[in-house]
Amino acid sequence: MAKNGKSAQPSARQLKSYVDPFRVDGSQEFHLTAHKPGEKGGLDKEAARELVDANRGRLRELQEKLYAQDLWSVLLIFQGMDAAGKDSAIENVMSGINPQGCQVYSFKQPSTKELDHDFMWRTSKCTPERGRIGIFNRSYYEELLVVRVHPEILAKQRIPPELVTKNIWRERFEDIAAYEKYLARNGTLVLKFFLNISKEEQRQRFLDRLEEPAKNWKFSLGDVAERKLWDKYQAAYQDLIHHTSAKRAPWIVVPADHKWFARVVISSAIVSAMEKLDLKFPEVDKSDAGELKKVKVALEREGRAPVRVSKAKTAGT
């Protein structure tokens, strides 16, 4: 793939081959067990690195046009079990992007103030403005994961009891699907990534965090408690992906056991989707173009003019 010392930009067809097998848009039946966390896409690490490098370069160009055009916005949502690699994927894939055009939010345990609002409030106020890429590290989908697995949390939300019925999760699927449709209709490209890690790989990554002092801070005893609920979380992911997948807001079920391949899938999905927006630099109005030409001529003349240096008089002359 290398060309003149740089990674050549892969074709749209090539990018598609790293996205389509993992894209879930509601057009077909979805079964999480059919998606294997250890997929490598026929690549090795070196080929994957070159591909991600090329995607970063193209993403940088697309983001510049997105910012200049100021019409579309992009929302990237990252979900996954603990140690699935969300943080490192965001850091790696988005490196080189102009930070002025990118906003990253990480949603952890909600505050008292956040619990006094509807469950979408804390995230909806953080959606990206036009021309920006917004990244959610966890999101409103936590409501269909952590809260569903731990129903006692629902009581803390102070929802009127008569509204907490057996249909509440189906209603929240509908709320989220409607919200994402609303975003899409108003010019926000929505892409959702589920980093699909195997239970064994998570175990190995937890051990790495415990064995390396520099990674100890990443480990929490709560991670072990949540790991015991693995099957419940997998069932919750199956349900939410099934009910919230749409062509306007697809899920990408990313094989996450090999971080280097996960980055190929994520970067390819972002580039492919943004390419379809037909982003362009704004054209200058004809009247403004004439003024710009005059300014250019003036600046060029200024550069050709001789520079006069006045000689300072010395004392005693």
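Conventions adopted
- Residues numbered from 1 in each chain as written.
- Predicted model: local features only at pLDDT ≥ 70, side-chain atom pairs only at ≥ 80, totals over all residues.
- Heavy atoms only, no water.
- Helix = DSSP H or I, 4+ residues; strand = E, 2+ residues; numbered from the N terminus.
- Rg over C-alpha atoms; globule rule 2.2 N^0.38 Å.
- Buried < 20%, exposed > 50% of the residue type's maximum accessible area, 1.4 Å probe, protein only.
- Contact = heavy atoms within 4.5 Å.
- Areas by Shrake-Rupley, 256 points an atom, 1.4 Å probe, with all protein chains shown as cover.
- Lys, Arg positive; Asp, Glu negative; His and termini not counted.
- Charge placed at Lys NZ, Arg CZ, Asp CG, Glu CD.
- Axes fitted to C-alpha atoms, helices over the stretch in contact; angles between N-to-C directions.
- Parallel < 35°, antiparallel > 145°, perpendicular 65-115°, else oblique.
- Left-handed = near helix turned anticlockwise from the far one by under 90°.
- Nonpolar A, V, L, I, M, F, W, Y, C, P; charged D, E, K, R; others polar.
- Core = buried A, V, L, I, M, F, W, Y, C linked by side-chain atoms within 4.5 Å.

Trainee: Looking at this structure, how should I read the overall build of the protein?
Mentor: Across its full length, the protein holds 13 helices and 8 strands. For 317 residues, the compact-globule formula gives about 20 Å, and the C-alpha radius of gyration of the protein, at 25 Å, lies well above that figure. With respect to the three principal axes, the spread of C-alpha positions in the protein is 95 × 50 × 50 Å. Out of the 317 residues in the protein, the part that is buried amounts to 44%. A separation threshold of at least 6 residues defines the contact pool for the protein, and within that pool the share at least 24 residues apart is 81%. Of the roughly 18500 Å² of accessible surface on the protein, a fraction of 51% belongs to carbon and sulfur atoms. The protein carries 54 positive and 44 negative side-chain charges, and their two centres are separated by 5 Å.

Trainee: What exactly am I supposed to notice about the packing of helix 8 (residues 168-185) against helix 11 (residues 230-244) here?
Mentor: In a pair of packed helices, the angle between the axes and the distance between the axes together describe the arrangement. Following both chains from N to C, one finds helix 8 and helix 11 inclined at 45 degrees, their axes separated by 9 Å at the closest point. It follows from the interaxial angle that helix 8 and helix 11 lie oblique. When you trace helix 8 past helix 11, the crossing you get is right-handed. Every residue of helix 11 that contacts helix 8 at Phe173, Ile176 and Glu180 is listed here: Asp239, Leu240, His243 and Thr244. The residue makeup of the contact of helix 8 with helix 11, split by class, is 3 nonpolar, 2 polar and 2 charged.

Trainee: Help me understand unusual backbone geometry in this model?
Mentor: The bulk of non-glycine residues show a negative phi, and the bulk of peptide bonds are trans. Unusually for a residue other than glycine, arginine 138 sits at a positive phi of about 75 degrees. As for its position among the elements, arginine 138 is in the loop between strand 6 (133-137) and helix 6 (146-149). Residue aspartate 278 is not a glycine yet carries a positive backbone phi of 55 degrees. Inspection of the secondary structure puts aspartate 278 in the loop between helix 12 (259-275) and helix 13 (286-304).

Trainee: I'm lost on the nonpolar core in this one. Help?
Mentor: Soluble, globular proteins show a tendency: their nonpolar side chains are buried together. The biggest cluster of nonpolar side chains holds 79 residues, and the ones touching the most others in it are Leu76, Met94, Phe193, Ile270 and Met274. Here this core gets 11 residues from one element, more than from any other, and that element is helix 12. Ignoring anything within four residues of it in the chain, the contact list for leucine 76 reads Met94, Ile133, Gly134, Ile135, Phe136, Leu191, Phe193 and Ile270.

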